[in-house]
Amino acid sequence: MQLFPCPFCGPRSESEFHFGGDAGNHRPEGFREVTDGEWTAYLYERNNPRGAANEIWMHMACGEVFRMERDTVDHRVAQSSALGEGGGNDGMAH
């Protein structure tokens, strides 16, 4: 079992978390101005980095959404922080 650090509750079992997507994958604004290509990129094109990843996660127990930086190879978590901390306004991928 791996422990993930919830910035609100502390270390918890990975089974309590839900992956929300890449941090910074912002939903396109506007209705008529968004092209099919922009929607396709938003919905289907994902990063799949080997190594450092910056992601959005939800802790299902407390319902909070946060940003987690982790390594996809060795599964080490570098840090987790509430959205808005650390100088970024990361949106959750919808």
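Going by an unreviewed UniProt entry, the chain carries the name Sarcosine oxidase subunit delta and comes from Mycoplana ramosa.

A word on the pairing of strand S5 (residues 64-71). For strand S4 (residues 52-59) and S5, the ladder comprises 8 bridges, and the chain directions are antiparallel. Along S5, the bridge assignment pairs asparagine 54 with glutamate 69. Connecting S4 to the next strand, S5, in antiparallel fashion are 4 residues, including glycine 63 with a positive phi near 80 degrees. With 5 bridges connecting them, S5 and strand S6 (residues 77-82) associate as antiparallel partners. For phenylalanine 66, the partnering residue across the bridge sits in S6 and is alanine 82. In this antiparallel pair of consecutive strands, S5 and S6, the connection spans 5 residues, and histidine 75 shows a positive phi of 65 degrees.

Here the focus is the environment of aspartate 74. In this structure, aspartate 74 sits in the loop between S5 and S6. A relative accessible area of 36% means that aspartate 74 is categorised as partly exposed. It is 9.8 Å that separates the C-alpha atoms of aspartate 74 and arginine 50, two residues lying 24 residues apart in sequence. In terms of polar contacts, aspartate 74 uses its side chain to reach the backbone amide nitrogen of arginine 76, at 3.0 Å.

Conventions we followed
Residues numbered from 1 in each chain as written. Predicted model: local features only at pLDDT ≥ 70, side-chain atom pairs only at ≥ 80, totals over all residues. Heavy atoms only, no water. Pairing = 2+ DSSP bridges. Helix = DSSP H or I, 4+ residues; strand = E, 2+ residues; numbered from the N terminus. Buried < 20%, exposed > 50% of the residue type's maximum accessible area, 1.4 Å probe, protein only. Polar contact = N/O pair within 3.5 Å; in protein donor to acceptor, adjacent residues only side chain to side chain.

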